[in-house]
Amino acid sequence: MLIAIASDHGGFHLKEMIRKYLAEKGYKVVDLGTSSEESVDYPVFGRACAEAVATGKADRGIVVCGTGIGISIAANKVKGIRCGLCTSVEMAELTRKHNNANILALGGRTTGAQLALQIVDAFLETEFEGGRHERRTAMLDQWGEALS
Ligand code: RB5
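Keep in mind it's a predicted model, so treat the numbers as computed, not measured. (Residues numbered from 1 in each chain as written. Predicted model: local features only at pLDDT ≥ 70, side-chain atom pairs only at ≥ 80, totals over all residues. Heavy atoms only, no water.)

S.K.: Any chance you could explain the overall build of the protein here in plain terms?
M.R.: When its secondary structure is counted, the protein shows six helices and five strands. For the protein, the N- to C-terminal ordering of α and β elements is β-α-β-α-β-α-β-α-β-α-α. For 148 residues, the compact-globule estimate of 2.2 N^0.38 gives 15 Å, and the C-alpha radius of gyration of the protein, at 14 Å, lies within 12% of that figure. With the C-alpha coordinates aligned to their principal axes, the bounding extent of the protein is approximately 40 × 30 × 25 Å. For the protein, the proportion of its 148 residues judged to be buried stands at 45%. Considering only contacts in the protein between residues 6 or more positions apart, those separated by 24 or more positions represent 69%. (Helix = DSSP H or I, 4+ residues; strand = E, 2+ residues; numbered from the N terminus. Rg over C-alpha atoms; globule rule 2.2 N^0.38 Å. Buried < 20%, exposed > 50% of the residue type's maximum accessible area, 1.4 Å probe, protein only. Contact = heavy atoms within 4.5 Å.)

S.K.: Whenever I open this one, unusual backbone geometry confuses me. Can you help?
M.R.: Peptide bonds are, in most cases, trans, and in most cases residues other than glycine have a negative phi. With an omega dihedral of 5°, the bond running from G33 to T34 counts as a cis peptide bond. By secondary structure assignment, the location of T34 is in the loop between β2 (28-31) and α2 (42-54). Despite not being glycine, N100 has its phi angle at roughly 50°, a positive value. Relative to the helices and strands, N100 is located in the loop between α4 (89-97) and β5 (103-107).

S.K.: Help me understand α2, please; the structure alone is not making it clear to me.
M.R.: Every α-helix carries 3.6 residues per turn, so stepping three or four residues along brings you back to the same face. If you check α2, its first and last C-alpha atoms are 18 Å apart, about what 13 residues at 1.5 Å a residue would give, namely 18 Å. All of the buried residues in α2 are F45, G46, C49, A50, A52 and V53. End-on view of α2: buried residues confined to an arc of 160°, all on one side of the axis. Opposite its buried face, α2 presents the exposed residues V44 and R47, each directed more than 90 degrees away. In the stretch just after α2, G56 is the one whose phi turns positive, near 85°. (Expected span 1.5 Å × (residues − 1). Arc of directions from axis to C-beta.)

S.K.: Mind showing me how you'd approach a nonpolar patch on the surface here?
M.R.: A cluster of nonpolar side chains, namely M139, L140 and W143, defines an oily patch on the protein surface of about 330 Å² accessible area. Relative to the helices and strands, W143 resides in helix α6 (residues 132-147). Residue class for W143 comes out exposed when judged on its relative accessible area of 54%. (Patch = residues over 30% accessible without salt bridge, like charges linked within 9 Å, V, L, I, M, F, W, Y side chains within 5 Å. Areas by Shrake-Rupley, 256 points an atom, 1.4 Å probe, with all protein chains shown as cover. Salt bridge = Lys/Arg side-chain N within 4 Å of Asp/Glu carboxyl O.)

S.K.: What should I look at first to understand the site of the ligand in this one?
M.R.: Near the ligand the following residues occur: D8, H9, Y42, C65, G66, T67, G70 and R109. Relative to its free-state accessible area of 300 Å², the ligand is covered by the protein chains to the extent of 71%. Residue classes in the shell around the ligand are distributed as two nonpolar, four polar and two charged. (Near = heavy atom within 4 Å. Nonpolar A, V, L, I, M, F, W, Y, C, P; charged D, E, K, R; others polar.)

Here you go:
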């Protein structure tokens, strides 16, 4: 599984930690920046990760900003993206099982590193349940098409 990761300055440290963690676990990782604590604009990085996933260059994405809010909003603007902002392992499991989320958003300033890595594991290891959830995720994808 190839995973695209991206952050702004507020998520930089957590993004670096996630990159090393995933590489140690044997995942292929493409790091789309940012590359320092210097202030940058989170929409740029959310979009870059979302486009990598939407075009099939990456299988899943992980985006991080200070709260995870801004960068998740940015990622969800890209057609075909279902980005879930998660603050617990349960939320990560449910956003995979019910929303078939293809991008995980985390808050570098709001979620501790150890919990964040557990959330990453849950996001990558949990399967979509399908069934009734398929109809709902199809609605999300179709509405994206109708508006674009
Ligand atoms: C940057 O200071 C901060 O606004 C950003 O990282 C994020 O929290 C936005 O939602």
